[in-house]
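A structural walkthrough
Each chain is listed here by its residues.
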Amino acid sequence: MSFKSIIDEIENNLKKILGDLSLAPISFSVEPSKPGFGDASSNISFLLSKQLKKNPKDIALLLSEKYSDCQSTLVLKSEAHPSGYLNFYADWKKLSQLILSESFLGEFGTVDLGENSSIVVEHTSVNPNKALHIGHIRNIIIGDTVSRILKKSNFKVNVLNYVDDSGLQVADIIVGFKHFGFPQDPPTGKKFDHYCGDDVYVKTTEKYESDPTLEEIRKNTLKDLEDASSETARFADKITQRVLSAQLETCWNLGVYYDCLNFESQIIRSGLWSTIFEKLKEMGLIEFEKEGKNQGCWVIRGDEGEEDKVIVRSNGTATYIAKDIPYAAWKLGLLNDPFNYKKYEKTQPNTQVLWQTTLEKSPEPKQNFSGNKVITVIDSRQARLQKIITSLMAKFKSVSDAYIHLGYESVTLSAETAKTLGLETDGKQAQMSGRKGLYVNADSVYELLKSKTFEETKKRHPEMSASDIDSISHHVSVGTLRYEMIKQDLDKIIAFDLTKSLSLEGDTASYIQYTHARAARIIEKSGKTPSIDVEFGLLGEQPELDLIKMIGLFDIQVYDAAKNFSPKVIARYCHDLAVAFNSFYEHVHVLDLGDEKLESARLCLVNSFKSTIEKSLDLLGIAAPDRM
RNA sequence: GGGCCUAUAGCUCAGCAUGGAUAGAGUGUUGGACUUCUAAUCCAAUGGCCAAGGGAUCGAAGCCCUUUGGGCCCA
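All values reported here derive from a predicted model rather than from experimental measurement.

Looking now at the overall build of chain A. Across its full length, chain A holds 22 helices and 17 strands. Radius of gyration (C-alpha) of chain A: 28 Å, near the 25 Å computed for a compact globule of 628 residues. Taking the principal axes of its C-alpha atoms as reference, chain A extends roughly 85 × 70 × 60 Å. When burial is assessed residue by residue, chain A has 54% of its 628 residues classed as buried. Across chain A, the fraction of contacts at a sequence separation of at least 24, relative to all contacts at a separation of at least 6, is 72%. As displayed, chain A has an accessible area near 28700 Å², and 49% of this comes from carbon and sulfur atoms. For chain A, the centre of its 76 positive side-chain charges and the centre of its 88 negative side-chain charges are spaced 2 Å apart.

The next point concerns the pattern of salt bridges. Two side chains that carry opposite charge are able to pair once their charged atoms sit near each other. Counting across every chain of the model gives 37 salt bridges. Between Arg 148 and Asp 618 there is a salt bridge whose closest N-O contact spans 3.7 Å. With a gap of 470 residues between them, Arg 148 in helix H5 (residues 134-152) and Asp 618 in helix H22 (residues 596-619) connect regions that are remote in the sequence. Exposure remark for Asp 618: the relative accessible area of 45% places this residue in the partly exposed category.

Take the protein's contact with RNA strand B next. As a structural note, the neighbourhood of RNA strand B is formed by 46 residues, with Arg 384, Arg 460, Tyr 514, Arg 521 and Tyr 585 the closest of them. Among all atoms of RNA strand B positioned within 4 Å of the protein, those belonging to sugar or phosphate total 61%. A distance of 2.8 Å separates a phosphate oxygen of RNA strand B from a polar side-chain atom of Arg 518. Note that a phosphate oxygen of RNA strand B is positioned 3.3 Å from one of the side-chain N or O atoms of Arg 521. Counting only elements with at least two residues in the surface near RNA strand B, the list comes to helix H15 (442-460), helix H18 (509-526) and helix H21 (567-587). Tallying contributions element by element places H18 first for the surface near RNA strand B, with eight residues. Grouping the amino acids of the surface near RNA strand B by side-chain chemistry returns 15 nonpolar, 13 polar and 18 charged.

What follows is about the nonpolar core. Leu 14 and Leu 150 are the most contacted members of the largest nonpolar core, which totals 128 residues. With ten residues, the top contributor of residues to this core is H21. When near neighbours in sequence (up to four residues on either side) are disregarded, Leu 14 contacts Phe 28, Val 30, Ser 42, Ile 44, Tyr 67, Leu 86 and Phe 88. One finds Leu 272, Leu 285, Tyr 341 and Tyr 403 within the second-largest nonpolar core, a separate group that totals 38 residues.

With that settled, consider the sheet that holds strand S17 (residues 494-496). What links the strands of a sheet is backbone hydrogen bonding, and the strands pair in either a parallel or an antiparallel sense. Taken together, the three strands give an open sheet; going across it, the order is S16-S15-S17, and neighbouring strands pair in mixed fashion. Each edge of the open sheet carries a strand with a single partner, namely strand S16 (430-431) and S17.

As paired strands, strand S3 (residues 75-80) and strand S4 (residues 86-90) are joined by five bridges and run antiparallel to one another. Paired with Ala 80 across the two strands is Leu 86, which belongs to S4. A loop of five residues connects S3 with S4, the two strands running antiparallel in sequence, and Gly 84 in this loop sits at a positive phi of about 115 degrees.

Before going further, it helps to spend a moment on the environment of Ala 623. Locating Ala 623 in the fold gives a position in the segment after H22. Taking C-alpha positions, Ala 623 is 35 Å from Gly 333, a pair spaced 290 residues apart along the chain. The contacts of Ala 623, once residues within four sequence positions are left out, are His 475 and Gln 513.

Here we come to the pairing of S4. With four of its five residues buried, S4 lies for the most part within the structure. By the bridge criterion, three bridges tie strand S2 (residues 40-42) to S4 in an arrangement that is antiparallel. Note on S4: the bridge partner recorded for Ser 42 is Leu 86.

The next point concerns helix H19 (residues 542-552). The periodicity of an α-helix, 3.6 residues per turn, causes residues three or four positions apart to be oriented the same way. Of all eleven residues making up H19, eight are buried, and the element is well covered by its neighbours. Elements that come into contact with the buried residues of H19 comprise helix H1 (3-20), strand S1 (30-32), helix H4 (92-103), helix H20 (554-563), H21 and H22.

Here three strands make up an open sheet; going across it, the order is S8-S9-S10 and the pairing antiparallel. The sheet is open, and its two borders are formed by strand S8 (287-288) and strand S10 (309-312), each paired with just one other strand. Sheet topology note: the S8/strand S9 (residues 298-300) ladder contains two bridges and is antiparallel. Bridge pairing in S9 places Glu 287 opposite Val 299.

In this section: the packing of aromatic side chains. The full count for this structure, using the stated rule, is 18 aromatic pairs. Arranged with centres 6.1 Å apart and planes meeting at 45 degrees, the rings of Phe 581 and Tyr 585 form a pair that is tilted. Of this pair, Phe 581 and Tyr 585 both sit in helix H21, four residues apart, roughly one helical turn. Relative accessible area serves as the criterion here: at 0%, Phe 581 is assigned to the buried category. Given the relative accessible area of 33%, Tyr 585 is considered partly exposed. Looking at Lys 77, its charged tip hangs above the ring of Tyr 89, at a distance of 4.7 Å from the centre.

Cut-off values and rules
Residues numbered from 1 in each chain as written. Chains lettered and ligands numbered in written order. Predicted model: local features only at pLDDT ≥ 70, side-chain atom pairs only at ≥ 80, totals over all residues. Heavy atoms only, no water. Helix = DSSP H or I, 4+ residues; strand = E, 2+ residues; numbered from the N terminus. Rg over C-alpha atoms; globule rule 2.2 N^0.38 Å. Buried < 20%, exposed > 50% of the residue type's maximum accessible area, 1.4 Å probe, protein only. Contact = heavy atoms within 4.5 Å. Areas by Shrake-Rupley, 256 points an atom, 1.4 Å probe, with all protein chains shown as cover. Lys, Arg positive; Asp, Glu negative; His and termini not counted. Charge placed at Lys NZ, Arg CZ, Asp CG, Glu CD. Salt bridge = Lys/Arg side-chain N within 4 Å of Asp/Glu carboxyl O. Near = heavy atom within 4 Å. Polar contact = N/O pair within 3.5 Å; in protein donor to acceptor, adjacent residues only side chain to side chain. Nonpolar A, V, L, I, M, F, W, Y, C, P; charged D, E, K, R; others polar. Core = buried A, V, L, I, M, F, W, Y, C linked by side-chain atoms within 4.5 Å. Pairing = 2+ DSSP bridges. Phe/Tyr/Trp six-rings, centres within 6.5 Å; stacked < 30°, edge-to-face > 60°. Lys NZ or Arg CZ within 6 Å of the ring centre and 35° of its normal.

Right, here's the structure in full:
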């Protein structure tokens, strides 16, 4: 509850006042105030002004007067601001106690938005023919962060990674291996996924351009992939598994874990498509076109002003949308599950079991990874296709928001970074391209960041062991990368710049982590175990109150982030919380005050901050080292 | 030709969902603060016709309409 407690108290009292004045209930807001306007503010007078035909200021005065008769536990007084806002001042002695003692509980910040319902988050879903580049990382970090936020909001989250192991991109590297003689093992020191992406894929697609007759080989390979028993399919399976394994290493290193892996090849071979095709026909969601340009095709009727979408061509082959429909329905648990489950051969570093589907018999029990709701994280270039699936699933499940496409704008390369990769763009940002080899690999960015933070940490702590420095630089570089990917809104393009992204100052993860380390250091130096049995009334300095208030806003932020699937809300909160602590740190001293009681109270606050910033950073998948 | 996203400080972005108070950060530039719990920090100065035009409103960065840049998708 925390700061929410005082907001609730105010809301209830205002509702009561409305009743006493025999006014109709209205949906006014009570929110934490801007600095300088008390602790909480309501817009209620503005909303009443039309109905009462009075100006907001007079209404605020009236309400403020009425409010003084209300039962208050946390509110000290209300005040009518000349602007018309109704501002409230908290009884900080009580509110501090409430917020600080709650902040130490493990469930602090937890909100019950999900009511323990199941939800699927699908993210990553990269073709297993290359290493993850910085654009994929945005997808992965958004998905992982949203999963963490939803878990905190009492959803039962199933995280899925859809492996497109039978598409054109995989076919291309298979052509490379089988027809152009690329050795199956990478040169020493190179990860297998990097080798496949940087060398096999790029060079194979180059050859297509110079020799159009190769298109035939490519098509045949693609066709062979669909037949599980073919030699090509078995070979491809080995290759894609190796690439997948290398990709997962990258994800795990960034603190991203999954519940289950799905494979496109299995979806195709499972026969789910024909099941759902029949169902779609039954439900009248698709129609057979008898005339016009789509004659002989099965189509989904477009909404008003939109074109019909072909699902099955007149020659009987399914279009690429058709692959996504059964998977979407499977994720929502709308079909009999044709899969068995087995454990992935490697254990995830967090020891969480990673499952994968299989069409073969398995000694393991059947699993269920479906959800009442499904969130699919894919960039907004897929919006058109995703919209069709969303509306189809809405009809299927008779719930409008069962299937949600969480879209985001892509990551491009800044002109400078494109230039270092050999592309002159005339000052414009450039689209990444796996095919042209124009991308920045996630592993390389991590390595660069890590060596930079390693040097920085070593400089600060010459006495520290190499393994400790290594651990710190790992957490800082992962944090920096993750924070860069989610700190801005999903609908903003990120023009990735290698130099700027390596910054460790300002609005970065390291700033926040550093703040945590400062707090940890104070507690360590105090030589005491912070207690919550302190005199909260002693915490009266403005920076102290600001910090307590910020701590108390945690659950409100979690609610907001979960409700809107918006990771950046938590990123901003972490930053604001760190700013509040740094201001406290500069203005208020904690240790060696010669006042035992005050020191204990402040130590309690420092510890509360430390605990809260850890919890909120954890929602971003960012660790908080005690020393930096 | 149709559709989606976007435009706020020199640069990168918050704020817009739910219209009301003084439009905020970071970065950059300039100056200041380490014998004091870690300077990956803090403080100050600088910097805005909120793309343009219109509309509804007592009130618009935010809502509606039009136009123009930029990005993407489909044809």
